[in-house]
Amino acid sequence: MTDVSGSGPRPDPDTHDEEDDMDRRLTIGEFSRITHLSIRALRRYHEQDLLVPAEVDPVTGYRYYTLAQVRAALTIRRFRELDLPLADLRTYLRAEAAGEEAAGRGAQEIVAAHLRRLEDRLGRTQRAARALRELLDPEAARTVSIDVLPAQRVLAVSLDVPPGSDLSWYDTAMRELDAVAGPRPVLPPGGRYEHTLFTEGHGHATVYLPAETPLPPGAPAAVRELYLPERTAAVTTHTGPHDDLDLAYAAAGSYARREGMAAHDLVEEVYLIGPRDTDRPDQWRTLVAWLVEPGATP
């Protein structure tokens, strides 16, 4: 006897799966309403090979989607809002669709790399905002004084930095110096740089570590002993990432010029607290010394 009361067996909602979703064909208008993506955006996703409709009518050209594509559509939208490059997004979607463990790891690596880029960009934006607040505040002048840096014996690596170089030359020099110094406690490292390194993008640089002991045997050929005599400088201390060192340079250089001091063609940086001490850039402290003729007084 046929049950017409509606009290017979009903589908278990827990047995709902993606096959059911695949059977539910949605027009582009319906899919747009469900995802809150405009029809124009959905067409663009199709043209960019990001979200291909489940079916395209060969006669009318109408696009049809399924409920199983909702999550993918919303995911694509978020990634585009975060400026994930199209090529990376396509690679991610292919890896997700493959469903294999190795492909899944590849997809996660794409996302992780992009999130790191976003974090770096956010950090640069925040630092630029802090610098602008300082520049726009007439009361935020940095403290600059005339000081005499003491004579020092140092282990040093000197080189001519060619045009277009990144900062890998500094990292290499610092590694060689650390290898020679070993675990012995040392005073803060520093660097002496020609102004052309910043004004022209190339110039002479010397990276050093103060050390009282002689150069040990077997040291890298690039490392040598160097004696730095007393030097007079307009000095200021910068707190924070090195991206904003231009503010300290401007303060020290302006002070020296305003006081009519004859400047050398070198500037010196001493990394009181730096990357080798902490991975917290907000805690870095860098002394910037604008070298001037001895005997200068404000």
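The structure presented is a predicted model; accordingly, all values stated were derived computationally and were not measured.

1. Focus: the sheet that holds strand S7 (residues 203-210)
- Taking strand neighbours across the sheet as the criterion, the eight strands line up as S4-S9-S11-S10-S6-S7-S5-S8 in an open arrangement whose pairing is antiparallel. The outermost strands of the open sheet, each flanked by one partner alone, are strand S4 (145-149) and strand S8 (223-228). If you compare each strand with its neighbour and ignore which way they point, the axes differ by 35° on average.
- In terms of strand pairing, strand S6 (residues 190-194) meets strand S10 (residues 263-273) through five bridges, oriented antiparallel. For Arg192, the partnering residue across the bridge sits in S10 and is Glu268.
- Across the sheet, helix H7 (residues 168-181) lies against strand S5 (152-161), S6, S7, S8 and S10, angled at about 25° from S7, the strand it touches most.

2. Considering the packing of helix H4 (residues 70-81) against helix H5 (residues 86-98)
- Direction vectors running N to C along H4 and H5 enclose 150°, while the axes themselves pass 11 Å from each other. Between H4 and H5, the crossing angle belongs to the class labelled roughly antiparallel. Here H4 and H5 pass one another in a crossing that is right-handed. Taken together, the residues of H5 that come into contact with H4 (itself represented by Arg71, Thr75, Ile76, Phe79 and Arg80) are Leu86, Leu89, Tyr92, Leu93 and Glu96.
- Here the residues of the contact of H4 with H5 sort into six nonpolar, one polar and three charged.

3. A short note on the packing of aromatic side chains
- This structure, assessed with the given rule, holds seven aromatic pairs.
- Aromatic side chains Trp169 and Tyr193 sit 6.2 Å apart centroid to centroid with 75° between the ring planes, which places their arrangement in the edge-to-face category. Here Trp169, found in helix H7, pairs with Tyr193, found in strand S6; they are 24 residues apart in sequence, far enough to count as distant. Tyr193 carries the same exposure label as Trp169, and that label is buried.
- Ring geometry for Phe198 versus Tyr249: centroids 5.3 Å apart, planes at 70°, classification edge-to-face. Placement of the pair is Phe198 in helix H8 (residues 196-199) and Tyr249 in helix H9 (residues 245-258), with a sequence separation of 51 residues.
- Phe198 sits in the partly exposed class, given a relative accessible area of 45%.
- An aromatic cluster of three or more residues is present, and its members are Trp169, Tyr170, Tyr193, Phe198, Tyr249 and Tyr271.
- The ring of Tyr64 is capped by Arg25, whose NZ or CZ atom sits 3.9 Å from the centre of that ring.

4. Details of the nonpolar core
- In this structure, Trp169, Tyr170, Leu177, Tyr193, Val207, Tyr249 and Trp290 are the most contacted members of the largest nonpolar core, which totals 32 residues.
- Contributions of two or more residues to this core are made by S5, H7, S7, H9, S10 and strand S11 (285-292).
- When residues no more than four places from it in sequence are discounted, the contact partners of Tyr249 are Tyr193, Phe198, Val267, Glu269, Val288 and Trp290.
- With 22 residues, the next largest nonpolar core counts Leu42, Tyr45, Leu93 and Val111 among its residues.

5. So, the sheet that holds strand S2 (residues 55-56)
- Strand order across the open sheet formed by three strands is S1-S3-S2, with antiparallel pairing between neighbours. A single partner strand is all that each edge strand has here, and the edge strands are strand S1 (25-27) and S2.
- Running over the sheet, helix H2 (residues 28-35) touches S1 and strand S3 (63-66) and is turned about 90° from S1.

6. Some remarks on H5
- Look at H5: 18 Å from first C-alpha to last across 13 residues, which is about the 18 Å you get at 1.5 Å a residue.
- Turning to H5, its buried residues are Leu89, Tyr92, Leu93 and Ala95. Seen along its axis, H5 keeps its buried residues to an arc of 160°; they face one direction. Relative to its buried face, H5 has exposed residues pointing more than 90 degrees away, namely Arg94 and Ala97.

The rules behind these values
- Residues numbered from 1 in each chain as written.
- Predicted model: local features only at pLDDT ≥ 70, side-chain atom pairs only at ≥ 80, totals over all residues.
- Heavy atoms only, no water.
- Pairing = 2+ DSSP bridges.
- Helix = DSSP H or I, 4+ residues; strand = E, 2+ residues; numbered from the N terminus.
- Axes fitted to C-alpha atoms, helices over the stretch in contact; angles between N-to-C directions.
- Contact = heavy atoms within 4.5 Å.
- Parallel < 35°, antiparallel > 145°, perpendicular 65-115°, else oblique.
- Left-handed = near helix turned anticlockwise from the far one by under 90°.
- Nonpolar A, V, L, I, M, F, W, Y, C, P; charged D, E, K, R; others polar.
- Phe/Tyr/Trp six-rings, centres within 6.5 Å; stacked < 30°, edge-to-face > 60°.
- Buried < 20%, exposed > 50% of the residue type's maximum accessible area, 1.4 Å probe, protein only.
- Lys NZ or Arg CZ within 6 Å of the ring centre and 35° of its normal.
- Core = buried A, V, L, I, M, F, W, Y, C linked by side-chain atoms within 4.5 Å.
- Expected span 1.5 Å × (residues − 1).
- Arc of directions from axis to C-beta.

These figures capture arrangement, not role.
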